[in-house]
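Fold and geometry: a report
Each chain, written out:
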Amino acid sequence: MAKQAPQSDPAQDAPEVGAPKHAAAGLTAVAKSLQMAGEQMGARRTLATLRKVNQPDGFDCPGCAWPEPGKTHTAEFCENGAKAVAEEATERRITAEFFAAHPVAELAERSGYWLGQQGRLTAPMLLEEGATHYTPVSWERAFSIVADELKALDTPDGAAFYTSGRTSNEAAFAYQLFARQLGTNNLPDCSNMCHESSGSALTETLGVGKGSVHLKDLYQADLIIVAGQNPGTNHPRMLSALERAKRAGAKVVSVNPLPEAGLERFKNPQNARGLVGAGTKLTDLFLQIRLGGDLALFRALNQLVLAADGGVDHAFIAEHCHGFEEFAAEAAATERAEVLAATGLPWEQIEELAALVLASEKIIVCWAMGLTQHKHSVPTIREVVNFLLLRGNVGRPGAGVCPVRGHSNVQGDRTMGIFERPSAAFLDALGKEFGFEPPREHGLDSVDTIRAMRDGRVKVFFAMGGNFVAATPDTDATEAAMRSCRLTVHVSTKLNRSHVVTGARALILPTLGRTDRDRTAAGQQFVTVEDSMSMVHSSRGGLRPPSEQLLSEVAIVCRLARAALGPQNPVPWEEFAEDYDTVRDRISRVVPGFEDFNEKVRRPGGFVLPHGPRDRRAFPTATGKANFTVNPLTAPEVPAGRLLLQTLRSHDQYNTTVYGLDDRYRGITGGRRVVLVNPADAAELGLADGAYTDLVSEWQDGVERRAAHFKVVHYPVARGGAAAYYPETNVLVPLDSTADISNTPTSKAVVIRFEPDSGS
Ligand code: SF4
């Protein structure tokens, strides 16, 4: 029997701290998965649901975007996948009675964890202007409220349509079409906060803003560098791929300010050695780099490779690359002192890595937020591409770029047109297919949307999934901006902070989840997703929806579009809502690579999208070649007596969804308000282990941003840095502190000082 939702909000500021772990997964992960799944779903539903996740005839895990292996295991999920499924397929329900019992002001005092634990939403809810409680509303009225507010705007750009990466391809395509039919490109998405820097750098250098490897390439690589990523928590099935690569003789190097259990050793529960044995040692060389030092590291590697006999693949460069000479001159002139200062690494370790590089034919670099959320993230990722181009490590088996996406369909949404800066080619194809002239002026990304709400330019905020106010930086500014809207609307499965930080009016529109059966008059529908390696496959839920009142994401978009665009609008929204094959037919004529979409996606495992650089070393860049770039060697500057904070996830967390209050691998239990500080830095700053302190960030606007009452934890983080969980520390990230070019919040580089504890 599933456990009841917690009534009281567990205290979050009394964390216990024990020794960090040095191995991930194992029997404990199996036990934890079943325990947390059982608490949400009960035993029978747990078994029925978990055996379908990531299976060819099942549903795609609503967690991260790690691909499925060709042949799936009986249990093809990780601990955090099980938690993500359990959170969605929970038996807990939120009814109208719940909202009648809890005024919004009270809910706003509750933690995100408590809100999320209350269960699945079951009916559309409206917060009338000036009201204290959400009350039930019909779908018809809900759509007409949104339509009226949209029609009342001076310009379509007075609205913003946000997308979280869980949205399916079909819903995303219909959603962007609706927004563009309205006349706006204001399509911010969660990618703006995570891999936007990757997209910008890869599009400029290789011509395609996506990873260029297949899963099997990891099994064939000689060397895998994992930089700024913690797969043990954020992409756990990646550990199976690293284990298999190791068994095939690969070397693994991890570059990270924190020692992470998942990169040290993997106890694979799929085999005896992992269940009862010592598991597999993964990392051969750990470079504990200073926060933001990655550009300098790859620059130094490039200098060493250039200087080595036979280090460079000149044939590849001559045939496929542009800009080599300028890059090589800049790299050769790199000052070692600058590299040592920026990386905090001993030169010997950099030389050790360079030796591994020169001994390896096939190299893959994997990365995540540790590279993308800095001011100089785009130049850093460009330097990683320089590193791979030098030895021809793009466009051949066992080699390439591998940005690992955080949300299950964040890459698919972008492919479907969820982008505030769409290409002219995409808009041309969309306009031709639907007989209209799409808006050409670029729209607003997430940070610009917050600015526009703050400045009164955006009055209607619509979110397809996600938890915008918790996922974005500068929480106080973002919440104030959200509250300045006329209307805020959230299409959601569960309750979260964004539902209680509202505009003058607010709507919660409950939708089907991945695990839910989606049946229309045309029969059982399935949706599709695209993973980090450009594999597109189907996902069909099998569970009876939590309530008959729920609508699918596709149906919500289509019914809203009809209400807002009127009966004369020629797009067959009703057809789309009834039969997703009709949406896919349109996608097949608008989005390259989706030709014969309905036929290809019904093949076992789906299909892989074309990728010129990967498939045939064709680089659709401005030069028609792969571009070497010159990237000024920069690293964050931290004044004396300050540290550089990185925000990160605990092991009981997925993006802003908090599954529990433990961070098992780091030895932290029962609380989240902790700040990890190197003991030597703590000594210099007078921060005793276990003491409480306030964190205050410093930014040129002089605004005081404070996160109060954090427990100091002496932890082996790289000198000069500190680490704490988001969303609790997003309040410290200044809105205007963003990466050059990609405008991604610099959540891995926030200058902080410590002040006496002001209490919780
Ligand atoms: S690795 Fe990612 S996609 Fe796979 S089961 Fe775990 S959370 Fe889900």
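Before reading on, note that the structure itself is shown above.
I will try to describe carefully the structure that is included in this document. Keep in mind that what you see is a predicted model, and the values were worked out from it rather than measured.

The rules behind these values
Residues numbered from 1 in each chain as written. Predicted model: local features only at pLDDT ≥ 70, side-chain atom pairs only at ≥ 80, totals over all residues. Heavy atoms only, no water. Core = buried A, V, L, I, M, F, W, Y, C linked by side-chain atoms within 4.5 Å. Buried < 20%, exposed > 50% of the residue type's maximum accessible area, 1.4 Å probe, protein only. Helix = DSSP H or I, 4+ residues; strand = E, 2+ residues; numbered from the N terminus. Contact = heavy atoms within 4.5 Å. Pairing = 2+ DSSP bridges. Axes fitted to C-alpha atoms, helices over the stretch in contact; angles between N-to-C directions. Parallel < 35°, antiparallel > 145°, perpendicular 65-115°, else oblique. Left-handed = near helix turned anticlockwise from the far one by under 90°. Expected span 1.5 Å × (residues − 1). Near = heavy atom within 4 Å. Nonpolar A, V, L, I, M, F, W, Y, C, P; charged D, E, K, R; others polar. Phe/Tyr/Trp six-rings, centres within 6.5 Å; stacked < 30°, edge-to-face > 60°. Polar contact = N/O pair within 3.5 Å; in protein donor to acceptor, adjacent residues only side chain to side chain.

All right, on to the nonpolar core then. Ranked by size, the top nonpolar core spans 63 residues in total, and within it Phe178, Leu507 and Trp573 carry the most contacts. Ranked by residue count, the leading element in this core is helix H26 (residues 553-565), at nine residues. Setting aside its immediate chain neighbours within four residues, Phe178 contacts Leu150, Phe161, Val557, Leu560, Ala561, Ala564, Leu565 and Trp573. Listed in part, the 53 residues of the second largest apolar core include Ala227, Ala342, Ile350 and Val394.

With that out of the way, let us pick up the pairing of strand E8 (residues 223-227). Among the five residues in E8, five count as buried, and that is most of the element. The pairing of E8 with strand E9 (residues 251-255) spans five bridges and is classified as parallel. Residue pairing across strands places Val226 opposite Ser254, the latter belonging to E9. Of the strand pairs in this sheet, E8 and strand E14 (residues 363-367) are connected by five bridges, and their pairing is parallel. Bridge assignment links Val226 to a residue of E14, and that residue is Cys366.

Let's shift gears to the packing of helix H14 (residues 294-307) against helix H18 (residues 347-358). Where H14 contacts H18, the axes come no closer than 10 Å and their chain directions differ by 60°. One element, H14, and the other, H18, form an angle in the oblique class. Where H14 crosses over H18, the two elements pack in a sense that is right-handed. Contacts between H14 and H18 involve Leu297, Ala300, Leu301, Gln303, Leu304 and Val305 on the former and, on the latter, Trp347, Ile350, Glu351, Leu353, Ala354, Val357 and Leu358.

For helix H6 (residues 139-151), built from 13 residues, the straight-helix expectation of 18 Å at 1.5 Å per residue is met to within 8% by its first-to-last C-alpha distance of 18 Å. For H6, the complete set of buried residues consists of Trp139, Ala142, Phe143, Ile145, Val146, Ala147, Glu149 and Leu150.

Our next topic: the sheet that holds strand E15 (residues 400-403). Read from one edge of the open sheet, five strands run E12-E9-E8-E14-E15, paired in parallel fashion. Looking at which strands have only one partner, the edges of the open sheet turn out to be strand E12 (285-287) and E15. Averaged over neighbouring strand pairs, the angle between their axes works out to 15° when direction is ignored. As defined by bridge partners, E14 adjoins E15 across four bridges and the pair is classed as parallel. Considered in E15, the bridge of Val365 is made with Val401. Sheet contacts for helix H20 (residues 377-390): E8, E14 and E15; angle to E14, the most-contacted strand, approximately 170°.

Near the ligand, the surroundings consist of Asn54, Cys61, Cys64, Trp66, Phe77, Cys78, Gly81, Pro236 and Arg237. Looking at the shell around the ligand, its residues break down into six nonpolar, two polar and one charged.

All right, on to the packing of aromatic side chains then. Applying the stated criterion across every chain yields a total of 21 aromatic pairs. Between Phe434 and Phe576 the ring centres are 6.4 Å apart and the planes differ by 90°, which places this aromatic pair in the edge-to-face class. Taken together, the positions of Phe434 in helix H22 (residues 424-434) and Phe576 in helix H27 (residues 573-578) put the pair 142 residues apart, joining distant regions of the chain. On the basis of relative accessible area, Phe434 is assigned to the buried category, the value being 8%.

Following the sequence through the fold, Asn496 ends up in the loop between strand E17 (487-492) and strand E18 (505-510). For Asn496, a relative accessible area of 12% corresponds to the buried category. At 2.8 Å, the side chain of Asn496 forms a polar contact with the backbone nitrogen of Ser498.

To continue, consider the sheet that holds strand E29 (residues 674-677). With mixed pairing, the six strands of this closed barrel are ordered in space as E25-E32-E29-E31-E30-E33. Neighbour to neighbour, the strand axes of the sheet diverge by 45° on average, direction disregarded. Across two bridges, E29 lies against strand E32 (residues 721-725) in antiparallel orientation. Looking at E32, one finds that Val677 is bridged to Ala722.

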